[in-house]
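# Tertiary structure, described
Spelled out from the first residue to the last, the chains are:
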Amino acid sequence: MEAELEMNRDSTDYWRFVIMFSKFFILAIDGGLSKSLGVLVPLMVERFNSNYKTVGFVCTLPATLWNLFAPLAYVVVKLMHPTAAAILGGLLAAVPLMCVPLASNLIIFGALMVLSGIGMSVVYLTSFITIYEYFPKSFVFVNAVTFYGLCAGALCLPLLTEKSLEAYGYDGAFLILGGIALHAVVCGAVIRPPRDYQTNVCPSATKVAKDQSNDSFKRDSIYETTWSMFSLFALSRHERCTSPALVDWLDR
């Protein structure tokens, strides 16, 4: 029980606060981008010669795939180093947004939104796993605090998008949104496992494993001793065994 409690304690690495703010800003970027696209919907309807229903559906693809792609994103995170996976996800989330002004039709725009959603899913899941490694004991509280980033992003980024649209137009607004999303690369670059992961969690696990190994060794020793005694006893009773001393010792 004591070893299990030690394994669940929070990391003492100061970098845990950097990880916490990193996840906060990742969620701020994701929540803000989802709301900011709504500011640009009227222009996209006119630009792509479509309707509000179709354009609105396409604009929800990043947030939808952020959740739907989570199982596959988990596989990507397991196959790569956390930092590399987060940086790759940040690039995949930001670059398609900066390429939206080049989209000539709604299909290309939808494909870019799909790629952006997949990238955000990878970078978010990486930060989610890492923050649990730093805060296994107080994970629920810390994770809830980081989710305030969704509210902050949804509040601030649409206002910034509106001002950007007035100042730089449709193309400039998407370039600025892509630049904001590119900050997910920075948030991903600071993600790393805790430095005291080996000294904080592993010693307890090592102690438990060592105790189990010692118990297993004791059981194996008992089994080997019992089997040796049985073998000697059977050998002594064999008709070819003619050692009186061995027979007398086993009969005691």
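Note that residues are indexed from 1 along each chain, following the sequence as it is written. Local features in this predicted model are restricted to residues of pLDDT 70 or higher, and side-chain atom pairs are both shown and tallied only at a pLDDT of 80 or more, whereas totals for entire chains, interfaces and linings draw on every residue. For the side-chain quantities, the full set of heavy atoms in the structure was used; hydrogens and water were omitted.

A word on the overall build of the protein chain. Strands are runs of DSSP state E lasting at least two residues, helices are runs of H or I lasting at least four, and both sets are numbered from the N terminus onward. A tally of regular secondary structure across the protein chain gives 13 helices and zero strands. For the protein chain, the succession of helices and strands along the chain, N to C, is α-α-α-α-α-α-α-α-α-α-α-α-α. Counting every position in the protein chain, which comprises 252 residues, the buried fraction comes to 39%. For the protein chain, restricting intrachain contacts to residue pairs at least 6 apart in sequence, the fraction spanning at least 24 positions comes to 82%. Accessible surface computed for the protein chain: about 14400 Å², of which carbon and sulfur atoms make up 68%. Here's how the labels work: a residue is buried when its accessible area is under 20% of the maximum for its type, exposed when over 50%, partly exposed in between, all with a 1.4 Å probe on protein chains only. Two residues qualify as a contact provided that any one of their heavy atoms is within 4.5 Å of a heavy atom in the partner residue. The Shrake-Rupley method, run with a 1.4 Å probe, gives the accessible areas here. Residue values count only the displayed protein chains as cover.

Turning our eyes to something else, we now look at empty space enclosed by the protein. Put simply, the grid is 1 Å and covers the protein atoms alone, a cavity is a trapped set of points that fit a 1.4 Å probe, a pocket is an open set with protein on both sides within 12 Å along at least five of seven lines, and lining residues have an atom within 4 Å of a point. Grid points are joined across faces, edges and corners, and a volume is the space filled by probe spheres set on the points. Counted under the stated rule, the structure contains one cavity of 30 Å³ or more. Each pocket or cavity is described by its volume, and for the largest cavity that value is around 80 Å³. Lining the largest cavity are Asp30, Leu33, Ser34, Leu37, Cys59, Pro62, Ala63, Leu97, Met113, Ser116 and Met120. Only helix H2 (16-47), helix H4 (61-68) and helix H7 (106-134) provide two or more residues apiece to the lining of the largest cavity. Of all the elements, H2 adds the most residues to the lining of the largest cavity, at four residues. The classification used treats Ala, Val, Leu, Ile, Met, Phe, Trp, Tyr, Cys and Pro as nonpolar, Asp, Glu, Lys and Arg as charged, and all other residues, Gly among them, as polar. Class assignment of the residues belonging to the lining of the largest cavity gives a composition of eight nonpolar, two polar and one charged.

Our next topic: the packing of aromatic side chains. Pairing of aromatic side chains requires ring centres within 6.5 Å, counting the rings of Phe and Tyr and the six-membered ring of Trp. Pairs whose planes differ by under 30 degrees are stacked, by over 60 edge-to-face, and all others tilted. Across all of its chains, the model carries nine aromatic pairs by this definition. Ring geometry for Tyr124 against Phe147: centres 6.5 Å apart, planes inclined by 80 degrees, an arrangement best described as edge-to-face. Of this pair, Tyr124 sits in helix H7 while Phe147 sits in the loop between helix H8 (139-146) and helix H9 (148-181); the two residues are 23 residues apart in sequence, bridging distant segments of the chain. By relative accessible area, Tyr124 is classed as buried at 13%. Each member of the aromatic cluster is reached from another via a ring pair, and the members are Trp66, Tyr124, Phe128, Tyr132, Phe139 and Phe147.

On to the confidence of the model for the protein chain. The pLDDT value tells you how sure the predictor is about a given residue, anywhere from 0 up to 100. Scored by pLDDT, the protein chain comes out at a mean of 80, with 74% of its residues at no less than 70. A low-confidence stretch, residues 1-5 stays under pLDDT 50, and its non-local contacts, those more than four residues away or across chains, total two contacts. The low-confidence segment residues 198-243 (pLDDT under 50) makes 25 contacts with residues lying over four places distant or belonging to another chain.

Moving on, we get to the environment of Cys59. Mapped onto the elements of the fold, Cys59 is located in helix H3 (residues 52-59). Owing to a relative accessible area of 10%, Cys59 belongs among the buried residues under this scheme. When the C-alpha positions of Cys59 and Val114 are compared, they lie 9.5 Å apart, and in sequence the two are 55 residues distant.

Our focus in this paragraph is the layout of surface pockets. A volume near 200 Å³ is recorded for the largest pocket. Lining the largest pocket are 13 residues, with Phe25, Ile29, Ile180, His183 and Cys187 positioned closest to its centre. Mapped onto the lining of the largest pocket, the elements with two or more residues apiece are H2, H9 and helix H10 (183-189). Of the residues forming the lining of the largest pocket, the biggest block, five residues, is contributed by H9.

Here the focus is the nonpolar core. Formed by 26 residues in total, the largest nonpolar core has its most connected members in Met44, Phe109, Met113 and Phe174. Contributions of two or more residues to this core are made by H2, H3, helix H6 (82-98), H7 and H9. Setting aside anything within four residues of it in sequence, one finds Phe174 in contact with Leu37, Leu40, Met44, Leu97, Met98, Val100, Pro101 and Phe109. Residues enter a nonpolar core if they are buried and are Ala, Val, Leu, Ile, Met, Phe, Trp, Tyr or Cys, with the set joined through side-chain atoms within 4.5 Å. Formed by 17 residues, the second largest nonpolar core is a distinct cluster that contains Trp66, Ala93, Met120 and Cys187.

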